[in-house]
Amino acid sequence: MADLPSDLVVAGVAPSLDETAAAKVAGRWRGSLGVTIPAALVLLIIALCFIWPIIGPVPPPTGGNILNASLPAFSPGHFLGTDPVGNDEWSRILYGGRASLEIAFAVQAIGIILGGLLGSVAAYLGGWRDATIMRLLDVVIAFPAFVLAVAIAQGLGPSELHTIWALCFFSVPAFARISRAATLRVREQTFMTAARLSGTRFPRMLLGHIAPNILPQLITFALLGIGIVMILEGALSFVGLGVPPPAPSWGNMIAQGQSTLSADPRYVLLPSAALFITVVCFNLLGDGLRARWSSQ
Amino acid sequence: MSCTPAPLRAPLAARAVRAGRLAGSPTLRFIIRRLLTAIPVLLGVTFLSFVVMNSLPGDAAQELLGAQATPAEIHQLEIKLGLDRPFLTRYWDWLHGTLTGHLGHSLSSGQSVGSILGADLPVTFELVAFAFLISLALAVPLALLSARKPNGIADRLTMVFSMAGLSVAPYVLALVLVYVFAVKLNVLPAIGWVPPGQGFGQNIRYLILPAVSIGLGLLCFYTRLLRADLLEQMQGEDYVVTARAKGVRPWRVLTRHALRNSLFGLITVVALNLGTLLGATVVIEDIFGIPGIGHELLQAIDNRDIPVIEGIVFVFAVIVVVANLAADVLYSILDPRIRYGRPAE
Amino acid sequence: MTESLLEVRDLRVDFRHDGRVVRAVDGLTYSLTRGKTVAVIGESGSGKTVSSRAIMGLLPPTAKVSGSIRFDDVEMVGLAEKAMRSHRGRGVAMVFQDPTRSLNPTMRIGGQIREAIQTHEKSSRAAAHDRALELLELVRLPAAKERLEQYPHQLSGGMRQRVMIAIALAASPKLLIADEATTALDVTTQAQIMELLRDLQQRLGMALIMISHDLGLAASFADEVVVMYAGRAVERAPTQMLFAHVRMPYTRALLEAIPRLENESHALLAAVPGQPPNLALREPGCPFTPRCPSATDQCRQHMPAFEEHEPDHQWACWHPCADAVAS
C-alpha cells in the first residue's frame, strides 16, 4: 500500500478511513463469524442431509407403518416422532433437506452458467444483440412465473425435475441481469481494452478476463439466492408443483402440514425450522463473502 | 371498469401534462421510448401464456362438464364457447378485443373478465398496499436508529433481526402467525375477507396477518437497504460535513439531510418490488382465503379459463412494465437536479 | 499586544489507519488575533486541513487530538461534543473547498441558510428567511430573492461559494476558516471571492484563517503566514517580513515556484523537486531533508525546533537562508 490518504480525505470526507476503522472494530468480531462459521454450518447441513442418511441409522422417509402414525417426539426409534402415516419425521427432515437443497443447487448452477453466460455475452456484444437478449429476458421476467409453474404441474405433472425447470425461470434472468451489469463495469476497465487491442478472441476474453472479475459477484448472488430458491420451492408446493408426495421436501412438508396445523403444529414447525436455519446460514455465508470480497 | 387500454394511456397522458413542467424533454422521450419497447414485451407475454395454456391437457369445456361427459357433449360446448376455432384466430380475437377495451368473458362463469378483474384487483392491491405501509413505516425509523450509531446496540440488534426476518419464508410466517394468533390466542381470524364497505375495522382485521406475512420480509430488506444508504451519505458526503460545521445536531443531520437523499433510492426499489410482489401474493391469498387476483388465477388455471387467465396475465405484465419504468423515471423526477435543470445564468 | 482569539499550542493529530498510527499534525503552534488574517500554507498532506478541522472538532472518530487549542479562552481539545456544537457556526465557521458537493443537492438554498441561522437562535421561519436574504445580499449574490428558492445545482460555482460564505456567516462567527475556499474556482472568481472575504472580514471584525497551497494568494490577503510541512509549522512571520526575509528553504522554494510576470515567457516554472513525505514512516530529523538543497547530516538526524529566531519570525531549520531578493 503506497500512498497515504491525502489531507482532505484524511480530514473530513474520510469514508475509507472512518468506515474501515469501524469495520475493523466490528470486523474483528464479525470477521470470524463472517465466513468461517457460516461455511462450517453450511457444510454440516449438507453432510447431514446428504451423507448421514447413507451411513447412519436413519429409517427410510416413506413407506412407514400406519400403525406408527403420529407418534410424539422422543418415542423409541423416532426421536422426532412420526408423521400421520407413520413415517419417521427425522428421516423426512433429512431427506426433505436433500431434495430441497438439490433443487436449489441445481437451479443456481443452471442460473450461474446459463444466465451468467447470457448476460455476459449480451453486455460484451452490446448493440442490438444486447437489446434483443434483454427484451427476451424482460418477457420472461414479466411473465407471471406462477402461471408457468402451475401449468407445468398440471401439464407435465409435478416432479423434482420439473420444479427445477420452473424455478430456472426465476433464476436465469436474475443472473443474466447481474452478470450483464458486472460485465459492463468490467468492460470499461483499461485492461480490457488492452486485451481487445492485442487481439484476444472472445472465448478467451470471457474465460480469462471477464469471468474471474465477475465470478465473485455471481457466487455471492448465488449463495444469497439459495435461500430464496428454497423458499420458492416451498411456495410452488402450495400450488401443486414441487416434489410430489410421498417423497419429502421441506416445501411440500410445510404445505402438507398446513392441514394439521391446529392439531399438531410440529409438522409445519419442524421443516420450517430446518428451512429457516439453512437459509440463515446461506445468507450469512453470502453476506460474509460479499463483505470479504468487496473490501479488497 | 373503463377498459380502454387505460394502463397504457394513462401514464402517457399524465406525463404529457407534466411535460411543460419537466425541464427535460429527454425524460419524456425516454418514457415514450420505454413504453414503446414495452409493447413487444406485452405481446410476447400474452402470446406465451396463450401458448402455454393451450398446450395443457383439457380445456374449459372439459372442466365445466366434468369427467362424466361424453366427447360429443364436450365438442358441442367447445363450439359454443368458441374453442374449436384455430389457435391464432382466438389469440388475435383476444388481442383485438383487449385493445378496444373488451377483455372478454370467463368461460366458466360467463362473467365479464373486466368485472372479475375489477372485483379482485382492488383486494390484492389493498393487501399489498397494507404490506408496503407496514414495512415502510417501520423500516424508516429502524434504519435511522441503526445509522445513528453504527455498530451500536440498536444497530447490531437490527441487523440480526433483519437477517432472521429475511430468512423466513412468507408462508411459514403466515402459518406460524395463524397458529399463534388464530388458533391459540384466537384474537385474529385465520381465513376470509370482509370488504371495506361492510366495516373498515373488520376489513383491516382480516388483512393484518396476511399483510404482516408479506410485510416482514419487505421490512427487513428495506431496513438494510436504507441503513446502508444512510451510512454512505453520513460518512462519505461533503454536505454532511457542512451540516455538522453549522452546528446541527447529529440526529437532525441524519433525518433532514441524509434521509432525504436516501429515500430516493428506496422509492426506486419499492417501485421495482411492486412487480415481483404481485406474484408472491398468490400463496398468501391461498392460505388466508383472500379473494384476490392470485386466488382467481389459480382457479382459472384449474378451469382452463383462458380469457380470465389472459386478462390477469396482461394486467400483471402491464403493472410490471409500468413499475420498472416508474423505478427508472421516479429517480429523475424526484431529483431536483434533473427536475429543475439549469436555467441561464 | 491585543488579546489573541485563537491559540494553537503543540497540536497533534493521530489517525488509526489500517492498524497503524499516522501522525497528520505533529506539534503545530500559532496564534491569531481578533480581526486578523492568517494564511496556513502547505502541500496536500501537510496537515493544514486536518489542523483546521481539529479547531472545529470535525475530525472523524478515528482521529485522536492532543495538545491545546484555546479559542476565545475555551479549551477545545477534549471538549464535550455538545459544547463543541455550540461553537460550530457561532464561534468558528468554515467554508469548504468544493461548493458543489458541500451543499445538499436536494435542499433549497433558502432552507440551508435558514438551518444555519435557526440552529443557533430561536427565530421564526419568516424572520430566518429575512435574515437569509440579508446574508445573501451581504455576500453580493445577485437576484438573492430568487436564489433562495433554487437548488444548488442551479447556481454557478462562484455563486455557490458565496452561498457557503453566507451560511458560514449566519451566526456571526468570530473566526472564519476558509479551507481552500477558492481552489476550485477560476482565477477571476477566485479574486472576487477573496475580495469579498476581505471586505466582510473588515466589516464584521472577524478573524480569518486562509488555508491554501497558494503562497501568492497569501501575499495579497494575509497579515501573517504559517507554512506547514509534514504536519509541522516550519516557518511563521508577518507576510511582509516573510517575503522580504524568507528563511526556511521550503518556503523559499515555494516562493520561487510562483510564476512571475518578470520572468521570460516560456521559462521553466521552478517546482519544488521531490514528493511530500509518507507520514506513516517518520524518520528522525527534518522531514524536508530529502528535498532540501541545504541539507546536511545534522538535518537528517536532528529535528530542528520551531522557535522565534528573529523578532516575530519563527522557523524550524538548521540552515536558514540568508536574506535574498524576494518580491
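Everything numeric in this text was worked out from a predicted model, so none of it was measured.

Draft legend 1. Region of interest: the overall build of chain B. Tallying secondary structure elements over chain B gives 14 helices and zero strands in all. From first element to last, N terminus to C terminus, chain B shows the α and β order α-α-α-α-α-α-α-α-α-α-α-α-α-α. Counting only C-alpha atoms and orienting by the principal axes, one finds that chain B spans roughly 85 × 65 × 35 Å. Counting only residues that meet the buried cut, chain B has 41% of its 345 residues in that class. The long-range fraction of contacts in chain B, counting pairs at least 24 apart against all pairs at least 6 apart in sequence, stands at 72%.

Draft legend 2. Representation of the sheet that holds strand β5 (residues 74–75) of chain C within the structure. Residue and element names in this part refer to chain C. The strand order β2-β1-β4-β5 describes an open sheet built from four strands, whose pairing is antiparallel. Both edges of this open sheet fall to β2 (20–33) and β5, since each of them pairs with a single strand only. On the sheet, helix α1 (residues 48–56) packs against β1 (4–17), β2 and β4 (63–71) and is oriented at approximately 110 degrees with respect to β1.

Draft legend 3. Representation of the interface of chain A and chain B in the model. Listed by partner, the interface residues are 40 residues for chain A and 43 residues for chain B. Taken together, the elements giving at least two residues each to the side of chain A that touches chain B come down to α2 (15–34), α5 (127–142), α6 (145–156), α9 (202–238) and α11 (266–294) of chain A. Of all the elements, α6(A) adds the most residues to the side of chain A that touches chain B, at eight residues. Partitioned by chemical class, the residues of the side of chain A that touches chain B number 27 nonpolar, nine polar and four charged.

Draft legend 4. Molecular detail of helix α5 (residues 87–99) of chain B. For α5(B), with 13 residues, the first-to-last C-alpha span of 19 Å sits near the 18 Å given by 1.5 Å per residue. Remark: B:G101 follows α5(B) within two positions and exhibits a positive phi of approximately 95 degrees.

Draft legend 5. Main features of the sheet that holds strand β8 (residues 207–212) of chain C. Residues and elements named next belong to chain C. Here we have eight strands laid out as an open sheet, ordered β6-β7-β8-β3-β9-β10-β12-β11, and mixed in their pairing. Edge positions in the open sheet fall to β6 (92–95) and β11 (307–310), since each of these has one partner strand only. Here the average twist between neighbouring strands, direction ignored, is 25 degrees. One ladder, built from two bridges, connects strand β10 (residues 232–238) with strand β12 (residues 313–315); its direction is antiparallel. The residue bridging E235 from the neighbouring strand is W315, located in β12. Contacts between helix α7 (residues 157–169) and the sheet are confined to β6 and β7 (175–179), with β6 contributing the most and set at about 170 degrees to the helix.

Draft legend 6. Geometry of the environment of B:P150. All names here are of chain B. Note that P150 resides in the loop between α6 (113–148) and α7 (153–166). Of the residues examined, P150 has 20 C-beta atoms within 10 Å and is grouped as buried. Separated by 77 residues in the primary sequence, P150 and R227 place their C-alpha atoms 9.3 Å from one another.

Draft legend 7. The confidence of the model for chain B, seen in detail. All names here are of chain B. For chain B, per-residue confidence averages 81 on the pLDDT scale, and residues scoring 70 or more make up 90% of the total. Residue range residues 1–10 is modelled with pLDDT below 50. Its contacts to residues more than four positions away, or to other chains, number twelve contacts. The ipTM value of the predicted complex is 0.84, and its pTM value is 0.81.

Draft legend 8. Spatial organisation of the environment of B:L325. Residue and element names in this part refer to chain B. Relative to the assigned elements, L325 resides in helix α13 (residues 306–334). Overall, the presence of 18 C-beta atoms within 10 Å leaves L325 in the partly exposed class. C-alpha separation for the pair L325 and A69, spaced 256 residues apart in sequence, amounts to 48 Å. Setting aside anything within four residues of it in sequence, one finds L325 in contact with I31, R34 and L35.

Draft legend 9. Spatial organisation of unusual backbone geometry. In this structure, A:P246 follows A:P245 across a cis peptide bond, with omega equal to 10 degrees. In this model, C:D10 sits at a positive phi of 50 degrees, which is unusual for a non-glycine residue. Mapped onto the elements of the fold, C:D10 is located in strand β1. With phi around 60 degrees, C:R140 is a residue other than glycine that occupies positive phi space.

Draft legend 10. Summary view of the packing of α6(B) against α7(B). All names here are of chain B. Put simply, α6 and α7 touch, their axes get as near as 7 Å, and they point 130 degrees apart. Between α6 and α7, the crossing angle belongs to the class labelled oblique. Along this stretch, α6 crosses α7, giving a crossing that reads as left-handed. Two secondary-structure elements touch here, α6 through L142, L145 and S146 and α7 through A154, D155 and T158. Across the contact of α6 with α7, the residue classes tally to three nonpolar, two polar and one charged.

What counts as what
- Residues numbered from 1 in each chain as written.
- Chains lettered and ligands numbered in written order.
- Predicted model: local features only at pLDDT ≥ 70, side-chain atom pairs only at ≥ 80, totals over all residues.
- Helix = DSSP H or I, 4+ residues; strand = E, 2+ residues; numbered from the N terminus.
- Buried ≥ 20, exposed ≤ 12 C-beta atoms within 10 Å, placed from the backbone.
- Contact = placed C-beta atoms within 7 Å.
- Pairing = 2+ DSSP bridges.
- Axes fitted to C-alpha atoms, helices over the stretch in contact; angles between N-to-C directions.
- Nonpolar A, V, L, I, M, F, W, Y, C, P; charged D, E, K, R; others polar.
- Expected span 1.5 Å × (residues − 1).
- pLDDT = per-residue confidence, 0-100.
- Parallel < 35°, antiparallel > 145°, perpendicular 65-115°, else oblique.
- Left-handed = near helix turned anticlockwise from the far one by under 90°.

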